[in-house]
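# Structural description and commentary
Below, each chain spelled out in residue letters.
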Amino acid sequence: MVDKKEFGSKDVSRAAILMALSQNRQEEKKIQEDFTKIGIKCAAVDFGGEFITSVMKIVERAVVAAKREGVINEVHQEEGAVAGATREAISQIMQKAIGLNVGGKIGIARFEEHVAVAIFFGIGLLHLNEVAIGLGHRVI
């Protein structure tokens, strides 16, 4: 019998961050495959726009991507966990982003009850960007 490795919030958060930092779809799929082999489900999705008007779109994109990739099931508790973790990640960069444009990638990862959402933000105007990562974790 093979022992199943247990992963905690730190491991799941690392997977979400790596998904958010992936540079293209090929790298994203490779990371997703590697984590799937060890039992961590992952998803990622891009976003962009003016920060204030994009907040709800970011939350919606995270939930839809997590459902599409099988990270969560279509049940209230699991959707709420992803939405809550996404809102937490957004709140961590709010001071830098209010009034500016944002763009980047959302990474979502899950192992059993642990769900993490990492959001990699490019924040700014034109080519004068600041970068930030927000991270949220929930237990389902």
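Residues numbered from 1 in each chain as written. Predicted model: local features only at pLDDT ≥ 70, side-chain atom pairs only at ≥ 80, totals over all residues. Heavy atoms only, no water.

### Some thoughts on the pairing of strand S4 (residues 128-139)
Bridge analysis of strand S3 (residues 114-125) against S4 gives 12 bridges, and the strand direction is antiparallel. Bridging across to S4, Ala 116 finds its partner in His 137. Once S3 ends, the chain turns through two residues before running back antiparallel as S4, passing Leu 126 with a positive phi of about 50 degrees. (Pairing = 2+ DSSP bridges. Helix = DSSP H or I, 4+ residues; strand = E, 2+ residues; numbered from the N terminus.)

### Considering the sheet that holds S3
Read across the sheet, four strands follow the order S1-S2-S3-S4 without closing on themselves; strand pairing throughout is antiparallel. Every other strand in the sheet has two partners, leaving strand S1 (41-50) and S4 as the edge strands with one partner each. On average, each strand axis in the sheet is inclined to that of its neighbour by 15 degrees, with strand direction left out of account. Taken strand by strand, helix H4 (residues 76-91) contacts strand S2 (101-111), S3 and S4, and its axis lies near 145 degrees from that of S4. (Axes fitted to C-alpha atoms, helices over the stretch in contact; angles between N-to-C directions. Contact = heavy atoms within 4.5 Å.)

### Some points on the nonpolar core
Formed by 28 residues in total, the largest nonpolar core has its most connected members in Val 82, Ile 90, Ile 106, Ile 108, Ile 119 and Phe 121. Where this core is concerned, the elements lending two or more residues are S1, helix H3 (51-68), H4, S2 and S3. With eight residues, the single largest contributor to this core is H3. Ignoring anything within four residues of it in the chain, the contact list for Ile 106 reads Ala 20, Ala 43, Ala 44, Val 45, Phe 47, Ile 58, Arg 61, Ala 62, Val 117, Ala 118 and Ile 119. (Core = buried A, V, L, I, M, F, W, Y, C linked by side-chain atoms within 4.5 Å. Buried < 20%, exposed > 50% of the residue type's maximum accessible area, 1.4 Å probe, protein only.)

### Here's the deal with helix H1 (residues 9-21)
Given a rise of 1.5 Å per residue, 13 residues ought to cover 18 Å, and the 18 Å separating the end C-alpha atoms of H1 matches this to within 8%. Taken residue by residue, H1 has Val 12, Ser 13, Ala 15, Ala 16, Met 19 and Ala 20 as its buried positions. Considered in projection along H1, the buried side chains sweep an arc of 155 degrees and stay on one side of the axis. Summarising the geometry of H1, the exposed residues directed more than 90 degrees from the buried face are Lys 10 and Arg 14. Against helix H2 (25-37), S1, S2, S3 and S4 lie the buried residues of H1. (Expected span 1.5 Å × (residues − 1). Arc of directions from axis to C-beta.)

### Focus: the side chain of Lys 105
Inspection of the secondary structure puts Lys 105 in strand S2. There is a polar contact of 3.0 Å between the side chain of Lys 105 and the side chain of Ser 22. Within polar-contact distance, the side chain of Lys 105 engages the side chain of Glu 28 at 2.9 Å. (Polar contact = N/O pair within 3.5 Å; in protein donor to acceptor, adjacent residues only side chain to side chain.)

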